[in-house]
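# Fold and geometry: a report
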There are 2 protein chains.
Amino acid sequence: MRKGDHAQARARRADAAAVVRADPSGREAGIDTPRMYAGTSRRGRPPGTSARELELISLRLFSQGGFDDTTVERIAAAAGVSRRTFFRYFDSKADVLWHAFDGEVRRLRDAFAAVPASVPLMDAIRQVVVGANLYRAEDVPELRTRMNLIGSIPALQASAAHHYDAWERAVSDFAASRLGQDAQSLYPLAIGRATLAVCRAAYDRWVERADSSLTVYLDQALRALAAGFDPAGLAPQPGERPHSGR
Amino acid sequence: MRKGDHAQARARRADAAAVVRADPSGREAGIDTPRMYAGTSRRGRPPGTSARELELISLRLFSQGGFDDTTVERIAAAAGVSRRTFFRYFDSKADVLWHAFDGEVRRLRDAFAAVPASVPLMDAIRQVVVGANLYRAEDVPELRTRMNLIGSIPALQASAAHHYDAWERAVSDFAASRLGQDAQSLYPLAIGRATLAVCRAAYDRWVERADSSLTVYLDQALRALAAGFDPAGLAPQPGERPHSGR
DNA sequence: CGTTAATCGTCACCCTGTGACGTAATCAAG
DNA sequence: CTTGATTACGTCACAGGGTGACGATTAACG
């Protein structure tokens, strides 16, 4: 490392931090990845950035310049950090956008554990999933831009599989316990995946058209799933033309 | 290009072709990608290989040495072709394993077009999907190794999204026409994705345990979907212990 | 034989992701 | 204050995936 590099790095970091603080989400740093600060400062050198900061910077750069044309080099530079450090916080360039999603899996599992046994299987799944998707109004814009990117960039859809897996397993495990079967057997597996499938449909609709709340779409999709997609209950949504030329 | 390279290349190609002909599938070349020969030989230089040949060689090398440790360099060398040429036949290293899957989408669309309007929506989907998965016995081993790779290597699961998309749309389009709605609206979208979801569950079960025919698993999964996963009809499969310690 | 069309090989290049190794910053113990 | 332990960081080198440009090959056509 040469001599004046650190002064410059600090200067860049100050700029980047200002950008983060000016972010409309208002949420502060939060969870760090390399060693997760728990309030009390630990032993060694303090982290020069945070997963949350990198997430916000990436989100901004991706929205401006596109995912593929935004190199990790640029993201790291905007955060005042080296390229190598970025990959210490995230395993891949795409993972930065799934940071928040991974948190939902935990919420999902907790909620499943709290469902009384009296609630029927598919009703329980619907309630839990809808409940895990109640976002505060101030968090919605960020969620929307993130899902917009995920829905439109192929490289991000490719990275989805890994993250969806944990989500599906949360549902499969619950279904397995209810059915008294193994989580890897056919029906629990199918239920977990089908649940995610219809939720993704709901998400896509919501991203594309801001005409309704996300939870409404989720609820509709999950009800349809539990009804076996009976055409009798599948009326076209308000604002949609029945029949159409594609 | 230096002088003696072509003689060497031809020699390597002869070896590779022998390997392909010795393949148990017995199926010959078939569809080429760069310009799809239609029986009559066309204008310029004839292709030095075929997508099918690259597919078989890749499948063998992946099974032997693993996906990540098998470089495109090695595959191309085994086919007697340059690295660059491999990427003229396939857009990515992973795509080589999805070559056959993409063909299923066409079969799917054709079958949907032939379904009489009297068959209820979900019944039609089940029959068409099961019908599109009737494989000849001699093709099953290759299918199984391919699905085994796809199910176990993360890099391949990542590439799945793009190929699944076309499959889902085939189902969504059919559902949309039956419901008189747009294919991008909530229910058709949800039906297409949920259908694929349960089929993937069936495939996974089938790959993991050779205890039953693929079509049986598919039929069971699709019937469960059409029944809204009513627990009354979800008895554990034969050979599976109800309850278990995971 | 010259032209045209299609494929292929070589080369150069960018980007992602990783391992190795030394450095920087903090806390704790002496 | 010094020393050691600990944690994060930067630099460097490298392998591999994927792409564009350009010339060389091979065959059909006229």
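So, here's what we can say about the structure. (Residues numbered from 1 in each chain as written. Chains lettered and ligands numbered in written order. Predicted model: local features only at pLDDT ≥ 70, side-chain atom pairs only at ≥ 80, totals over all residues. Heavy atoms only, no water.)

As a further point, take the overall build of chain A. The secondary structure content of chain A amounts to 10 helices and 0 strands. Secondary structure of chain A in N-to-C order comes out as α-α-α-α-α-α-α-α-α-α. Across the 246 residues in chain A, those meeting the buried criterion constitute 47%. Put simply, chain A shows about 12,500 Å² of open surface, and 53% of that area lies on carbon and sulfur atoms. (Helix = DSSP H or I, 4+ residues; strand = E, 2+ residues; numbered from the N terminus. Buried < 20%, exposed > 50% of the residue type's maximum accessible area, 1.4 Å probe, protein only. Areas by Shrake-Rupley, 256 points an atom, 1.4 Å probe, with all protein chains shown as cover.)

Attention now moves to the interface of chain A and chain B. Every contact between the two is made by 49 residues of chain A and, on the other side, 49 residues of chain B. Where chain A touches chain B, the interface holds 4 salt bridges. At the junction of chain A with chain B, the criterion picks out 6 residue pairs in polar contact (both at pLDDT 80 or more). Those elements that provide at least two residues to the side of chain A that touches chain B are helix 6 (121-131), helix 8 (154-179), helix 9 (186-208) and helix 10 (214-226) of chain A. Its residues assigned to classes, the side of chain A that touches chain B comprises 28 nonpolar, 11 polar and 10 charged. (Contact = heavy atoms within 4.5 Å. Salt bridge = Lys/Arg side-chain N within 4 Å of Asp/Glu carboxyl O. Polar contact = N/O pair within 3.5 Å; in protein donor to acceptor, adjacent residues only side chain to side chain. Nonpolar A, V, L, I, M, F, W, Y, C, P; charged D, E, K, R; others polar.)

On to helix 8 (residues 154-179) of chain B. Over its 26 residues, helix 8 of chain B runs 36 Å from end to end, which matches the ideal 38 Å to within 8%, given 1.5 Å per residue. At Ala161 of chain B, helix 8 of chain B shows its maximal kink, close to 35°. (Expected span 1.5 Å × (residues − 1). Bend = angle between axes of the 7 residues up to and from the residue.)

When chain A is brought onto chain B, the operation consists of a screw motion whose angular component is 180° and whose axial shift is 0.0 Å, with 0.1 Å RMSD remaining. Such values leave the two copies arranged in the relation of a two-fold axis. When the interface residues of chain A are mapped onto chain B, 100% of them again lie at the interface, so the same face is used by both copies. (Least-squares fit on C-alpha atoms with pLDDT ≥ 70 in both.)

Moving on, we come to the pattern of salt bridges. Where charged atoms of side chains with opposite charge meet at close range, the side chains can pair. Enumeration according to the criterion identifies 30 salt bridges over all chains in this entry. A salt bridge links Arg52 of chain A to Glu55 of chain A; its shortest N-O distance comes to 3.3 Å. Here the residue Arg52 of chain A and the residue Glu55 of chain A both occupy positions in helix 2 (residues 51-65), the gap between them amounting to 3 residues, near one helical turn. For Arg52 of chain A, a relative accessible area of 5% puts it in the buried group. For Glu55 of chain A, a relative accessible area of 1% gives the class buried. Close ionic contact of Arg193 of chain B with Asp204 of chain A constitutes a salt bridge, the shortest N to O distance being 2.7 Å. Placement of the pair is Arg193 of chain B in helix 9 (residues 186-208) and Asp204 of chain A in helix 9, with the two residues belonging to separate chains. Within this structure, Arg52, Glu55, Glu142 and Arg146 of chain A form a network of salt bridges that share partners.

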